[in-house]
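Here is what each chain is made of, one letter per residue.
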Amino acid sequence: MNAAVARLAHAFHFAAVAHTPQRRKGARGEPYVNHVAEVAHLLAEATAGNDVDLVIAGLLHDVVEDTATTAADLAEIFGADVANLVAEVTDDKSLPKAERKRRQIESAPHISDRAKLLKIADKTSNLRSIAESPPEGWPLDRQQGYFDWARAVVEGCRGLNAALETAFDAALAKRP
Ligand code: ZN
């Protein structure tokens, strides 16, 4: 058995179970796991399938922030590399939302190159979602504000992967 395939399948199942009660904010209310699957797919394509830990981190990137899973759980089950990648893109939820958003812009240029790719993939998926199925109750200016904020975060992550940046820029071009 190919160990990388087994770990990837495990991560996909783990993410699906962990995010079971969660839905995307959009009117379509897609299962949340659609988002992490999209992020993992973007990362797999951007790295030509050569960085399985990064793809696994893509699947798991929201479990610490949004579910009962801890960084220690991830380290134990999927290893330190995956846990560290997830930690690099996990917000401190004890902080107010505005402060967390400000910190994402500030910290983006200083995270690892692989975490930057994860950030770009995450924001690409979020922008696509908002453009295709805007969150209920989000007026136009809030949607536009999210696009502008995502652009500012990704500004600090550029210069590493042209394919991923192209995907992000295409999503950004659909700013409402
Ligand atoms: Zn995400």
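Everything that follows concerns the structure shown earlier in this document.
Residues numbered from 1 in each chain as written. Predicted model: local features only at pLDDT ≥ 70, side-chain atom pairs only at ≥ 80, totals over all residues. Heavy atoms only, no water.

**A look at the pattern of salt bridges**
Here is step 1 of the chain: Throughout the structure, instances matching the rule amount to 15 salt bridges.
Here is step 2 of the chain: When the shortest N-O distance is used, the salt bridge between Asp 51 and Arg 114 registers 2.8 Å. Residue Asp 51 is found in the loop between helix H2 (33-46) and helix H3 (52-60), and its partner Arg 114 is found in helix H8 (residues 113-132); the two are separated by 63 residues along the sequence.
Here is step 3 of the chain: For Asp 51, a relative accessible area of 16% translates into the label buried.
Here is step 4 of the chain: Note on Arg 114: relative accessible area 28%, which makes it partly exposed.
Here is step 5 of the chain: A salt bridge links Glu 155 to Arg 158; the nearest nitrogen and oxygen atoms lie 3.5 Å apart.
Here is step 6 of the chain: Its relative accessible area of 46% is what places Glu 155 among the partly exposed residues. (Salt bridge = Lys/Arg side-chain N within 4 Å of Asp/Glu carboxyl O. Helix = DSSP H or I, 4+ residues; strand = E, 2+ residues; numbered from the N terminus. Buried < 20%, exposed > 50% of the residue type's maximum accessible area, 1.4 Å probe, protein only.)

**Section: the side chain of Thr 67**
Here is step 1 of the chain: On the secondary structure map, Thr 67 appears in the loop between helix H4 (63-66) and helix H5 (71-78).
Here is step 2 of the chain: The exposure class of Thr 67 is buried, given its relative accessible area of 17%.
Here is step 3 of the chain: Only 2.6 Å separates the side chain of Thr 67 from the backbone oxygen of Val 63, close enough to count as a polar contact.
Here is step 4 of the chain: Within the local environment of Thr 67, its side chain forms a polar contact with the side chain of Thr 69, the two groups lying 3.1 Å apart.
Here is step 5 of the chain: Excluding its chain neighbours within four sequence positions, the residues that come into contact with Thr 67 are Ala 18, His 19, Gln 22 and Asp 62. (Polar contact = N/O pair within 3.5 Å; in protein donor to acceptor, adjacent residues only side chain to side chain. Contact = heavy atoms within 4.5 Å.)

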